[in-house]
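What the coordinates show
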Amino acid sequence: QVQLVESGGGLVQAGGSLRLSCAASGRTFSSYGMGWFRQAPGKEREFVAAISWSGGSTHYVDSVKGRFTISRDNAKNTVYLQMNSLKPEDTAVYYCAAARSGVVTLGPYDYWGQGTQVTVSS
């Protein structure tokens, strides 16, 4: 069992930056592939970024490439999402997720956090 807790969300102006963190419980964190997803009001949840168990492979949705960076620190059981040049359309609840497969994947994911709100004002 893995429990995931996101933090770092908030209100930021367009063009600003935020760094989201996802702290994981459990001794097997380093074997999981990790992902970030987001869900805006009235929209379906969408994939944002993923990272492999080692951190050696990453993948991003086109809309965030060059602006967002996913990374992980296995010693701290934490995955990060650095978000720069934020746009109002990035406003959403952001969720982290863990995949037993360990690879970069769009899914399926086995464990989910509760989410953290990111609001970007224009």
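Quick note: structure is the one above.
Numbering of residues starts from 1 in every chain and runs along the sequence as written. The model is predicted, so local features are restricted to residues of pLDDT at least 70 and side-chain atom pairs to those at 80 or more, both for listing and for counting; the totals for chains, interfaces and linings are taken over all residues. Calculation of side-chain values draws on the structure's entire complement of heavy atoms; hydrogens and water are dropped beforehand.

**Concerning the sheet that holds strand β1 (residues 4-7)**
If you walk across this open sheet you meet the 4 strands as β1-β3-β8-β7, and the pairing is antiparallel. Among the strands making up the open sheet, the edge pair consists of β1 and β7 (68-73). Adjacent strand axes in the sheet meet at a mean angle of 15° when their direction is disregarded. For two strands to be treated as a pair, DSSP must find at least two bridges joining them. For helices the rule is a DSSP run of H or I covering at least 4 residues; for strands it is a run of E covering at least 2, with both sets numbered from the N terminus onward. Summarising the sheet, strand β3 (residues 18-24) and strand β8 (residues 78-83) pair through 6 bridges and their orientation is antiparallel. Along β8, the bridge assignment pairs Arg19 with Gln82. Angles here are taken between N-to-C directions and fall from 0 to 180 degrees, while the axes themselves are lines fitted to C-alpha atoms, restricted in helices to the stretch in contact.

**Notes on unusual backbone geometry**
A cis amide bond links Gly107 with the next residue in sequence, Pro108, at an omega value of 0°. A positive phi angle, close to 55°, is found at Asn77, a residue other than glycine. With respect to the element layout, Asn77 can be found in the loop between β7 and β8. Positive phi values are uncommon outside glycine, yet Ser85 reaches one of about 50°.

**Structural notes on the state of the cysteines**
Only a pair of cysteine sulfur atoms within 2.5 Å qualifies as a disulfide here. In total, this model carries 1 disulfide according to the counting rule given. At a sulfur-sulfur separation of 1.9 Å, the disulfide partner of Cys22 is Cys96. Because the sign of the S-S torsion sets the handedness, a value of about 45° for the bond joining Cys22 and Cys96 places this disulfide among the right-handed ones. In this pair, Cys22 is assigned in strand β3 and Cys96 in strand β9 (residues 92-99), connecting sequence segments 74 residues apart. Note on exposure labels: buried denotes an accessible area under 20% of the residue type's maximum, exposed denotes more than 50%, and partly exposed covers the range between, all computed with a 1.4 Å probe on protein chains only. On the basis of relative accessible area, Cys22 is assigned to the buried category, the value being 0%. Residue classification places Cys96 among the buried positions, given a relative accessible area of 0%.

**Focus on the nonpolar core**
Core analysis: the biggest nonpolar cluster contains 30 residues, and Leu4, Met34, Trp36, Leu81, Met83 and Tyr94 have the highest contact counts within it. Listing elements by their share of this core, those giving two or more residues are β3, β4 (33-39), β5 (46-51), β7, β8, β9 and β11 (116-121). Here, the term nonpolar core denotes a set of buried Ala, Val, Leu, Ile, Met, Phe, Trp, Tyr and Cys residues that are joined through side-chain atoms within 4.5 Å. Core analysis: the second largest hydrophobic core is formed by 6 residues, Phe37, Phe47, Ala97 and Ala99 among them.

**Some details on the pattern of salt bridges**
Should a side-chain nitrogen of Lys or Arg be within 4 Å of a carboxyl oxygen of Asp or Glu, the pair is scored as a salt bridge. Evaluation of the coordinates by the stated rule reveals 5 salt bridges. Here Arg38 makes a salt bridge to Asp90, at a shortest N to O gap of 2.9 Å. Here the residue Arg38 occupies a position in strand β4, and Asp90 occupies one in the loop between β8 and β9, the gap between them amounting to 52 residues. For Asp90, a relative accessible area of 1% corresponds to the buried category. The salt bridge involving Arg67 is made with Asp90; its shortest N-O contact spans 2.7 Å. Here Arg67, found in the loop between β6 (58-60) and β7, pairs with Asp90, found in the loop between β8 and β9; they are 23 residues apart in sequence, far enough to count as distant. Members of the salt-bridge network, linked through shared partners, are Arg38, Glu46, Arg67 and Asp90.

**Some words on the pairing of β9**
Across the 8 residues of β9, 7 count as buried, placing the element largely inside the fold. Looking at chain direction, β4 and β9 are connected through 7 bridges and run antiparallel. What sits directly across from Arg38, in β9, is Tyr94. Bridge count between β9 and β11: 3 bridges; the pairing is antiparallel. Of the residues in β11, the one forming a bridge with Ala92 is Val118. Bridge count between β9 and strand β10 (residues 111-112): 2 bridges; the pairing is antiparallel. When the sheet's bridge partners are listed, Ala98 is paired in β10 with Tyr111.

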